[in-house]
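So the chains spell out like this:
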Amino acid sequence: MYKNYHTHTYRCKHAQGDVNDYAKVAIDNKVAVLGFSDHTPLPDNRWTDVRMELQELGGYISAIESTQIDFPQLTILKGMECEFADEYAGFYKDELLGRLKFDYIIAGAHYYPLNGDWVSSYNGSMEKYQLKAYAEYVVRAINSGLFAFIAHPDLFGSAYEQWDRNAASCSRYILEAAQDMKVPLEINGYGLRKPKRTTPEGMRSMYPWMQFWELAAEYDIRVVMNSDAHKPSDVTANIDEACSIARRYGLKAADLSYLEKGRKA
Ligand SMILES: [Zn+2]
Ligand SMILES: [Zn+2]
């Protein structure tokens, strides 16, 4: 049976399908737990090109709640993928996890702050000082204690070209924080579906970046293997491959069953 805690909906403007479309595919594909973690809206309606608007939040919640009723054989969780920033911590804690009773939220560092600006983690070439800023940002998200796991912590592999001492030390910084805070890290299936990257070391996936996970084996951390589905047919996509990466490096799977407690109550 599969568990996938990273699923989007059409509301983020770069995914297809609604909650019930994913649930139908999940039922046909031996999925026991389907967690929705669409890109969160922000209280100031920032970055709405890749996320729902604040006024769509109610529709997202009711889509999840009505699908929970329609598909009782499937455990459907109400989550959100968030950009961490101090100014949003109150919204995540009091509004999403508090008043709106989300089962969990996750952090994804799609941008990171640098000299007063937010920089994309995907594009261009990332220099050493930028990777340091990225790692510091991910560590702040881990230390916030708000997130059930960190989505694609090795996303920097899409912008940083070659594994080097700096990549290793920034990765160690992230891994050590995850170990200390007991926050699981995600081996992301979406990265495995994206075009490969040609580097001086040869072809590799942008993320998961294998050197990161090889290094992770030196730490007492837990991992979560998700499809990061952006269309219903991808509900279990690349989860097997992500699990085989975990096995290759001897990484232990996180037990996220505690997230379901709200559902069974
Ligand atoms: Zn997305
Ligand atoms: Zn993401």
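Each remark here, short or long, concerns the structure printed above.
Since the model is a prediction, treat every value here as computed from it, not as a measurement. (Residues numbered from 1 in each chain as written. Chains lettered and ligands numbered in written order. Predicted model: local features only at pLDDT ≥ 70, side-chain atom pairs only at ≥ 80, totals over all residues.)

Asks: Can you help me understand unusual backbone geometry in this one?
Replies: Note: most residues except glycine have negative phi, and most peptide bonds are trans. The step from tyrosine 207 to proline 208 runs through a cis peptide bond, and the omega angle for that step is -10 degrees. Checked against the element boundaries, proline 208 lands in the loop between β9 (202–204) and α7 (210–216). Residue tryptophan 47 is not a glycine yet carries a positive backbone phi of 50 degrees. With 15 C-beta atoms packed within 10 Å, tryptophan 47 lands in the partly exposed category. (Helix = DSSP H or I, 4+ residues; strand = E, 2+ residues; numbered from the N terminus. Buried ≥ 20, exposed ≤ 12 C-beta atoms within 10 Å, placed from the backbone.)

Asks: Sorry if this is basic, but what is going on with the sheet that holds strand β11 (residues 252–253) here?
Replies: Backbone hydrogen bonds hold the strands of a sheet together, and the pairing may be parallel or antiparallel. Sheet architecture is open: three strands sit in the order β7-β10-β11, paired in parallel fashion. The sheet is open, and its two edges are formed by β7 (185–188) and β11, each paired on a single side. As defined by bridge partners, strand β10 (residues 222–226) adjoins β11 across two bridges and the pair is classed as parallel. Its bridge partner being in β11, arginine 222 is matched across the sheet by lysine 252. Where helix α8 (residues 239–248) meets the sheet, it contacts β7, β10 and β11, and its direction lies at approximately 160 degrees from that of β10. (Pairing = 2+ DSSP bridges. Contact = placed C-beta atoms within 7 Å. Axes fitted to C-alpha atoms, helices over the stretch in contact; angles between N-to-C directions.)

Asks: Explain the pairing of strand β6 (residues 117–120) to me, please; I cannot follow it from the model alone.
Replies: Walk down a regular strand and you will see the side chains alternate between the two sheet faces. The pairing of strand β5 (residues 111–114) with β6 spans four bridges and is antiparallel. Bridging from a neighbouring strand, tyrosine 111 pairs with serine 120 of β6. Where β5 folds back on β6, the antiparallel hairpin that results is connected by two residues, among which asparagine 115 adopts a positive phi of roughly 50 degrees.

Asks: Looking at this model, I keep getting lost on the sheet that holds strand β3 (residues 75–82). Mind explaining?
Replies: One open sheet accounts for four strands, arranged β1-β2-β3-β4; its pairing is parallel. The sheet is open, and its two borders are formed by β1 (2–4) and β4 (104–107), each paired with just one other strand. Averaged over all neighbouring strand pairs, the angle between strand axes comes to 25 degrees, with direction disregarded. Of the pairings in the sheet, the one linking β3 to β4 comprises four bridges and is parallel in character.

Asks: Any chance you could explain the nonpolar core here in plain terms?
Replies: Across soluble globular proteins, nonpolar side chains have a tendency to be buried as a group. Core analysis: the largest hydrophobic core is formed by 76 residues, its most contacted members being Ile105, Ile106, Val138, Phe147 and Ile150. Counting residues per element, this core draws most heavily on helix α4 (residues 128–143), at eight residues. Isoleucine 105 has contacts with Gly79, Met80, Cys82, Tyr92, Leu96, Leu97, Leu146, Phe147 and Ala148, leaving out every residue within four places of it along the chain. (Core = buried A, V, L, I, M, F, W, Y, C linked by C-beta atoms within 7 Å.)

Asks: Sorry, what's going on with the packing of α4 against helix α5 (residues 165–181) here?
Replies: When two helices pack together, their arrangement is given by the angle between the helix axes and the distance between those axes. Packing of α4 against α5 leaves a shortest axis separation of 9 Å and a crossing angle of 5 degrees. As judged from the angle between their axes, α4 and α5 are roughly parallel. Across from Lys128, Leu131, Lys132, Ala135, Val138, Val139, Ile142 and Asn143 in α4, the residues of α5 making contact are Asn166, Ala167, Cys170, Tyr173, Ile174, Ala177, Ala178 and Met181. Split into classes, the residues belonging to the contact of α4 with α5 amount to 12 nonpolar, two polar and two charged. (Parallel < 35°, antiparallel > 145°, perpendicular 65-115°, else oblique. Nonpolar A, V, L, I, M, F, W, Y, C, P; charged D, E, K, R; others polar.)

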